[in-house]
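# Structural overview for review
Next come the chains, spelled out residue by residue.
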Amino acid sequence: MLAASDQRLVDLGYKPEFRREMSLFGVLGISFCAIGILTGMSAAFQTGLFAGGPLGLFWGWNICSLFMFLIALSLAEICSSYPTLGGLYFWVCKMKPDLPILGFCTGWIYSIAMVFTGTSGNLSVALYIASMAEVGQGRSMTRVEIVAIAWAVNIFSGIINTVGTKAIGRMSSFNVWWTLGGTFVLVITLLVKAPVKNSASFVFTDFQNFTGWDNRGFVVLLGFLQAIYTLEGCETAAQVAEEAKRAEFLAPLAVVGSIAGSWLIGLAYMLALLFSVQSIPSVQATTYAIPIAQLFYDAVGPSLAIMCLFVVTLAQVMATITAFTASSRLFYALARDNAFPAKEKYMALNRFQAPYWGVWTSVVVGCIISCAYIGSAIAFNAILSSAAISVMLGYLQPIIIRVFWPDSLSERGPFNLGQWSWPINLAGFLFSTFICVLFILPAAYPVNVLNMNYSIVAVGGVLVIVAVNWVTWGRFSFVGPVQTIASEKS
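The rules we used
- Residues numbered from 1 in each chain as written.
- Predicted model: local features only at pLDDT ≥ 70, side-chain atom pairs only at ≥ 80, totals over all residues.
- Heavy atoms only, no water.
- Helix = DSSP H or I, 4+ residues; strand = E, 2+ residues; numbered from the N terminus.
- Rg over C-alpha atoms; globule rule 2.2 N^0.38 Å.
- Buried < 20%, exposed > 50% of the residue type's maximum accessible area, 1.4 Å probe, protein only.
- Contact = heavy atoms within 4.5 Å.
- Areas by Shrake-Rupley, 256 points an atom, 1.4 Å probe, with all protein chains shown as cover.
- Patch = residues over 30% accessible without salt bridge, like charges linked within 9 Å, V, L, I, M, F, W, Y side chains within 5 Å.
- Salt bridge = Lys/Arg side-chain N within 4 Å of Asp/Glu carboxyl O.
- Axes fitted to C-alpha atoms, helices over the stretch in contact; angles between N-to-C directions.
- Parallel < 35°, antiparallel > 145°, perpendicular 65-115°, else oblique.
- Left-handed = near helix turned anticlockwise from the far one by under 90°.
- Core = buried A, V, L, I, M, F, W, Y, C linked by side-chain atoms within 4.5 Å.
- Phe/Tyr/Trp six-rings, centres within 6.5 Å; stacked < 30°, edge-to-face > 60°.
- Lys NZ or Arg CZ within 6 Å of the ring centre and 35° of its normal.
- Expected span 1.5 Å × (residues − 1).

## Section: the overall build of the protein
A count of helical and extended segments in the protein gives 20 helices and zero strands. The globule rule puts the C-alpha radius of gyration for 490 residues at 23 Å, and the 22 Å found for the protein is close to it. Overall, the protein is about 65 × 45 × 40 Å in size when its C-alpha atoms are taken along their principal axes. For the protein, with 490 residues in total, the buried portion stands at 61%. Restricting the contact set of the protein to residue pairs at least 6 apart, pairs at least 24 apart contribute 84%. Accessible area for the protein stands at about 17600 Å²; split by element, carbon and sulfur atoms hold 69% of it.

Spelled out as structure tokens, the structure:
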């Protein structure tokens, strides 16, 4: 007799292919890895610091966390009904089967978003390593050297993902402890060693503006990128649903729990950074590869700054590996349903139960995207923005369906929002739409070729790729999820 989770998969028309070896802690760790509180906040901290300052960072974090929690509730309700590794893509297909174009576009956009996220993470690792070299040895790395490190991290991520489910599950469990312990170490180190502690008035009300824009409200909104980029990733638990025990319970719990925990842990880390930052102009004028290194250096000195960067770097490596875990599973799910070319290759599992074609496709594409940093350091911010927007576009698809077709979720799982479902989905829809528009607007004024927000180019390119694929190929081969087994009761 099949286990309950496998039976649910059979009922959805899919043959169980993966071994269910992940516990709640492992699935929760996957989402924690993908969210990456230490990593996302450290990599994008300067975005909020220069656009709104401490005031924008603190209040923006809490506002964005609240809305991301509502989005997590929306996604968790759907995940409980459809606990499959296709995640957002499969949910859209099941809820709106009469419009296969929606499922196709969701799957492709979200797959590319995960590759963008992994690439930005790998580049962040390279920037942390370059900053450690400069702090410790006074040696500045060239952009070519930084990209070479990013390539090495990309390849390392591919190797780890090729090892399979057990390795990723163990790593994600370890990452939970590393995030908790690392946050504690960083918070204590910053608060104890910082020569000057800022006042509460500074932390909660100080406004900074290095953008050139005059409107204070708009400047604060620009700083939301830091919070959104950090908090995205809760849905990654769905990408390993077919590898989890009691997925219909554990996956939605991990989706919601990872955001709730990240909200609190991130708040503690942010407050420590704001109370210990010695000079915002110093951070803005830094020569280090990533600005957070200057904040660490000013607050705790060179030796402890390297320690802080190491804690963040290791967490970033694990977060990056998780992004490629998600993208490879998405490629598998799309290939399974004839929404991705080379079906047999992308559905192939090695002896470690890893969809290795999807893994190494992610690695190769990530290496190519990383090369943009050689041309301009501004490319890093464009990749951050593109990752954030692409993920939010992926969130939008199932939430739009739940808002405009409330009865689309015909099969309710054990995680059920009841009468609160539609209002929560509406709030998530409005916020996601607002963020997608906000993040393509120019982040600096006056706008020129050096400070233009190139994310609109990257995201526009993604939409063109998806549209061309649908018109030339997808509409002929994809009609929705393909059953790999006849549904039957055991």
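Don't stop here, the text continues.
## Quick word on a nonpolar patch on the surface
On the surface, Tyr-445, Val-447, Val-449, Leu-450, Met-452, Tyr-454, Ile-456 and Val-457 cluster together to form a nonpolar patch covering roughly 750 Å² of accessible area. Topologically, Val-457 is positioned in helix H20 (residues 455-477).

## Digging into the packing of helix H6 (residues 100-137) against helix H14 (residues 292-336)
Close contact between H6 and H14 brings their axes to 7 Å; oriented N to C, the two are set at 155°. By the angle between their directions, the pair H6 and H14 is classed as roughly antiparallel. Judged by the sense of rotation from one axis to the other, the crossing of H6 with H14 is left-handed.

## A short note on unusual backbone geometry
Cis geometry is found at the peptide bond from Tyr-445 to Pro-446, where omega equals -5°. Turning to its location among the elements, Pro-446 is positioned in the loop between helix H19 (421-438) and H20. Look at Asn-338: it is not a glycine, yet its phi comes out positive at around 60°. Topologically, Asn-338 is positioned in the loop between H14 and helix H15 (343-346). One non-glycine residue, Ala-342, lies in positive phi territory at about 55°. Of note, Ala-342 is situated in the loop between H14 and H15.

## Some details on the nonpolar core
Ranked by internal contacts, the top residues of the largest apolar core, which has 157 residues, are Trp-91 and Phe-296. Looking at which element gives the most residues to this core, the answer is H14, with 22 residues. Phe-296 has contacts with Leu-190, Tyr-269, Leu-273, Gly-301, Ala-305, Cys-308 and Leu-309, leaving out every residue within four places of it along the chain.

## A word on the packing of aromatic side chains
Counted according to the given criterion, the structure contains 21 aromatic pairs. Note on Phe-67 and Phe-431: the rings are 4.7 Å apart at their centroids and 10° apart in plane angle, and the pair reads as stacked. Here Phe-431 lies in helix H19 and Phe-67 lies in helix H4 (residues 53-81), a separation of 364 residues in the sequence. Here the aromatic residues Tyr-89, Phe-104, Trp-108, Phe-331, Phe-340, Tyr-346, Trp-357, Trp-470, Trp-473 and Phe-478 are joined through ring pairs into a cluster of three or more. Across from the ring centre of Phe-207, 4.1 Å away, lies the NZ or CZ of Arg-216, which sits over that ring.

## A few points about helix H2 (residues 24-35)
Taking 1.5 Å of rise per residue, 12 residues should cover 16 Å, and H2 covers 16 Å from first to last C-alpha, within 8% of that figure. Most of H2 is tucked away, with 10 of its 12 residues classed as buried. Just past H2, the residue Gly-36 takes up positive phi, approximately 60°.

## Details of helix H11 (residues 224-231)
Burial runs high along H11: eight of the eight residues are buried. Of the positions making up H11, those classed as buried are Phe-224, Leu-225, Gln-226, Ala-227, Ile-228, Tyr-229, Thr-230 and Leu-231. Where H11 ends, the next residue or the one after it, Gly-233, has phi of about 130°, a positive value.

## A look at the environment of Ile-155
As for its position among the elements, Ile-155 is in helix H7 (residues 143-163). As a C-alpha pair, Ile-155 and Ser-362 span 207 residues in sequence and 9.8 Å in three-dimensional space. Those residues in contact with Ile-155 that lie beyond four places of it in its chain are Trp-360 and Val-363.

## Focus: the pattern of salt bridges
Opposite charge on two side chains permits pairing when their charged atoms draw close. Under the defined criterion, the tally for this structure stands at four salt bridges. A salt bridge links Arg-412 to Glu-77, with the shortest nitrogen-to-oxygen separation between them at 3.2 Å. Taken together, the positions of Arg-412 in the loop between helix H18 (378-404) and H19 and Glu-77 in helix H4 put the pair 335 residues apart, joining distant regions of the chain. Overall, Arg-412 belongs to the partly exposed group, its relative accessible area being 40%. Between Lys-96 and Asp-98 there is a salt bridge, and its shortest N-O distance comes to 3.7 Å. Accessibility expressed as a relative area gives 11% for Lys-96, which makes it buried. Look at the salt bridges and you will find they share partners, linking Glu-77, Arg-402 and Arg-412 into a network.

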